[in-house]
Amino acid sequence: MLTPAHVSDIVAQHDLYWTNRREEMRELRRLYMTDFWAKEDGVVEGMLRTEVPKAYAVVESYLGSLYAKNPAVFVQADVRARGNPDVAEATANLYLLGVREQLEDATRLALIYPCSFMKLSPVESVDPLKRVASAALPPWEVIVDATACSWDQQRYVGHVYLMPLEEASVRYDRPETDFSPRVYQKWIDASSSIGGRTMLGLSPNDSSVPTQEKWIRVVEVYDLQADKLLVWSEDFRKPDTFVFQGVKVQIGALEAGAAADEKAPEAELQHETTGIPFKSASGRPVVPIIPLYFSRDPDTPLRGYSLLSRSRDQFREMNLIRSYQAQGVRRMARQWMVRAGFLSEDAAAKIAQGLDGEMIEVDLQPGQPLDGNITPVPQAPIPPDIAAYAMTVDADIRDAGLLAPFTRGEVTKSTATEQNLLAAYTSSEIGRMARIRDSVITSIASTFNIMLSVILGDEAEPLALPNPVGPTNLSADDLTGDFSYWAVDAGTTPMSDMARQQSLERLAPLLLSLGAPREAVLSELVRAYQLPEAFAKAVEAAQPPTPEGAPAPLPFEGV
């Protein structure tokens, strides 16, 4: 089992690694936010800096291709026939509809930074289906076992974050005087000092800062070898002691007559101290943190590799080139060289004003030409190599992205078959990333059902599910099973349901002519249109017997 000293060393190594990469993370954020020259205040050595939103365009183009329109999963039954896959699918899809925004945030973080994470955490609510909250986490908030070669082979996983002092005192049953609070500050905006003490430390009795603005740094560590959930804090005045062990979970079903969106006034929380409370049907501890890696460090897979880092030099060059071009264009002013005394002050002012149709008097003898008295200032053109270099840099960015042309808005002559292949996880960068995104969706669904089984406890929750399940009582036994989850992002939209219904209508006569049982075709039609089961029984009773040798009638024929 990990001790407080071990956790302190793990956190110190984590802080050291990310502190050394803080400037890199800031630069990646500035590139995405089109704020690359923020440190230079826009003007350096008298030259106005100009920025190009190329990094933003690259990230958002990927995000637009990877956006989960309607995330959903199909749940396959457990090989040992444990649990109810239909109920597990319904609860998982209901939860996935509410995490689309968090999933998009996590995808954006994973494109900008080396990786990102999705965390599911128990919260208090009257409705048990709403007692799990989700949040997207940047990579520096999650402690990983960098020595492991995969996520499942880690010895420990941790989450580092700031928590309000008042909330920590209530959650961990500790007086506020046991902590040394600090002022809230984002890690990426803090100084480059190592560790969490980069933020202003406060005294617990400091009245100059409101209590609502006092925070502590909390580290949740999942000890996967000893099956323990440990809470440690460097702001705790007893550094050789854990602040808390286990987790408090609200157990029970929705009370009769209570509104689902009603806040629990005094929720009964159960303190789970028997290890990590979330376990699969086979007894394996489940960490409610889901990783999202689009690219990985070949030597240290759990560190990840950023998409923007891959082309960071090119993004920097694009900003430099555009600033140089903008400065050259601003220097292309229409200026004139005039012989001294040739123009009066009024005439020079009129030329500078540049009004159309203006008459300008000059001191010139009759018949004497203007040549030699006034001539334009010669302007050196911007070298064409600058534009060629900009095109080369842009091509480098496109090559590094490995995106298909249509994802950049370019019109291609690809067929519908080719486009379907791209959407079906083919050998394209988008297909690979979509497969990773779908694995995150299935992991979220699986983790939620495991957490929901703990939240329900021994009680049952009445649900009204579509056919073929219908009304049922949701219990922890329904969700306890090693199900196989498959992402079907576009498979639950109304348009796809309509297409499936039309296909079933078109295939029904062919299936019956090939000898398919009428009852099976009828039940599938009732399920596709979500009709009541009683309707299917009424249709079967109304069907006259089929004479021997006559073709079988359609399921609804004669009704």
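Procedures and definitions
Residues numbered from 1 in each chain as written. Predicted model: local features only at pLDDT ≥ 70, side-chain atom pairs only at ≥ 80, totals over all residues. Heavy atoms only, no water. Patch = residues over 30% accessible without salt bridge, like charges linked within 9 Å, V, L, I, M, F, W, Y side chains within 5 Å. Areas by Shrake-Rupley, 256 points an atom, 1.4 Å probe, with all protein chains shown as cover. Salt bridge = Lys/Arg side-chain N within 4 Å of Asp/Glu carboxyl O. Helix = DSSP H or I, 4+ residues; strand = E, 2+ residues; numbered from the N terminus. Buried < 20%, exposed > 50% of the residue type's maximum accessible area, 1.4 Å probe, protein only. Contact = heavy atoms within 4.5 Å. Axes fitted to C-alpha atoms, helices over the stretch in contact; angles between N-to-C directions. Parallel < 35°, antiparallel > 145°, perpendicular 65-115°, else oblique. Left-handed = near helix turned anticlockwise from the far one by under 90°. Nonpolar A, V, L, I, M, F, W, Y, C, P; charged D, E, K, R; others polar. Polar contact = N/O pair within 3.5 Å; in protein donor to acceptor, adjacent residues only side chain to side chain. Expected span 1.5 Å × (residues − 1). Core = buried A, V, L, I, M, F, W, Y, C linked by side-chain atoms within 4.5 Å. Pairing = 2+ DSSP bridges. Phe/Tyr/Trp six-rings, centres within 6.5 Å; stacked < 30°, edge-to-face > 60°. Lys NZ or Arg CZ within 6 Å of the ring centre and 35° of its normal.

Taken together, Leu507, Leu510, Leu511 and Leu514 make up a surface patch of nonpolar side chains, about 370 Å² in accessible area. Position of Leu511 among the secondary structure elements: in helix α14 (residues 494-513). The partly exposed category is assigned to Leu511, whose relative accessible area is 34%.

Moving on to the side chain of Ser169. Along the chain, the position of Ser169 falls in helix α6 (residues 165-171). Excluding anything up to four places from it in sequence, Ser169 contacts Arg174, Pro175 and Glu176.

Between two packed helices, what matters for the description is the angle formed by their axes and the separation of those axes. Where helix α4 (residues 85-96) meets helix α12 (residues 429-456), the axes come as close as 9 Å, and the angle between the chain directions of the two elements is 115°. Considered as vectors, α4 and α12 are oriented roughly perpendicular to each other. For the element pair α4 and α12, the recorded crossing hand is right-handed. Contacts between α4 and α12 involve Ala88, Thr91, Ala92, Tyr95 and Leu96 from the first element and Ile441, Ile444, Ala445, Phe448, Asn449 and Leu452 from the second. Residues of the contact of α4 with α12, tallied by class, amount to 9 nonpolar, 2 polar and no charged.

Turning to the environment of Arg82, a few remarks are in order. Here Arg82 is to be found in the loop between β3 (73-76) and α4. By relative accessible area, which is 25% here, Arg82 ends up partly exposed. In the structure, Arg82 is positioned 397 residues away from Leu479 in sequence and 8.5 Å away in space, judged by C-alpha atoms. At 3.3 Å, the side chain of Arg82 and the side chain of Asp78 are in polar contact.

On to unusual backbone geometry. Even without glycine at this site, Thr34 takes up a positive phi of about 55°. If you trace the backbone, Thr34 turns up in the loop between α2 (22-32) and β1 (43-44).

Attention now moves to α12. For α12, built from 28 residues, the straight-helix expectation of 40 Å at 1.5 Å per residue is met to within 8% by its first-to-last C-alpha distance of 41 Å. In terms of burial, α12 is a largely internal element, 23 of the 28 residues being buried. Where α12 ends, the next residue or the one after it, Gly457, has phi of about 65°, a positive value.

Another aspect to go through is the nonpolar core. Ranked by size, the top nonpolar core spans 87 residues in total, and within it Phe117 and Ile444 carry the most contacts. Considering each element in turn, this core owes the most residues, 15 residues, to α12.

This brings us to the sheet that holds strand β14 (residues 289-292). Read from one edge to the other, the open sheet built from 3 strands follows the order β5-β4-β14, with strand pairing classed as antiparallel. A single partner strand is all that each edge strand has here, and the edge strands are β5 (132-137) and β14. Along the sheet, successive strands turn relative to each other by an average axial angle of 20°, direction set aside. As defined by bridge partners, strand β4 (residues 116-122) adjoins β5 across 6 bridges and the pair is classed as antiparallel. Residue pairing in the sheet places Met118 in a bridge with Ala136 of β5.

This part covers the pairing of strand β10 (residues 228-232). For β10, the buried fraction is high: 4 of the 5 residues fall into the buried class. In this structure, the hairpin formed by strand β9 (residues 214-223) and β10 is closed by a connection of 4 residues, where Asp227 is found at a positive phi of approximately 55°. As paired strands, β10 and strand β11 (residues 244-245) are joined by 2 bridges and run antiparallel to one another. Bridged to Val231 within β11 is Phe244.

The next thing to look at is the environment of Gln501. Within the secondary structure, Gln501 is located in helix α14. Take Gln501: its relative accessible area is 18%, and that puts it in the buried class. Spatially, the C-alpha atom of Gln501 lies 9.9 Å from that of Glu524, the residues being 23 residues apart in sequence. In this structure Gln501 touches Ala528 and Tyr529, once residues within four positions along its chain are discounted.

What follows is about the packing of aromatic side chains. In total, this model carries 12 aromatic pairs according to the counting rule given. Seen in terms of ring centroids, Phe117 and Tyr293 are 6.0 Å apart; in terms of plane orientation they differ by 85°. Their pairing is edge-to-face. With a gap of 176 residues between them, Phe117 in strand β4 and Tyr293 in the loop between β14 and α7 (307-310) connect regions that are remote in the sequence. Accessibility assignment for this pair places Phe117 and Tyr293 in one class, buried. Taking 6.4 Å as the distance between ring centres and 85° as the angle between the ring planes, the aromatic pair formed by Phe483 and Tyr485 counts as edge-to-face. Exposure class is identical for Phe483 and Tyr485. Each is buried. The structure contains a cluster of three or more aromatic residues connected by ring pairs, namely Tyr17, Trp18, Tyr113, Trp140 and Trp187. The ring centre of Tyr293 lies 4.3 Å from the NZ or CZ of Arg296, which sits over that ring. The ring centre of Tyr17 lies 3.8 Å from the NZ or CZ of Arg303, which sits over that ring.

As a further point, take the packing of helix α3 (residues 54-66) against α12. Where α3 contacts α12, the axes come no closer than 10 Å and their chain directions differ by 60°. Here α3 runs over α12; the crossing is right-handed. For the pair α3 and α12, the contacting residues are Tyr62, Ser65 and Leu66 in the first and Glu429, Ile430, Met433, Ala434 and Arg437 in the second.

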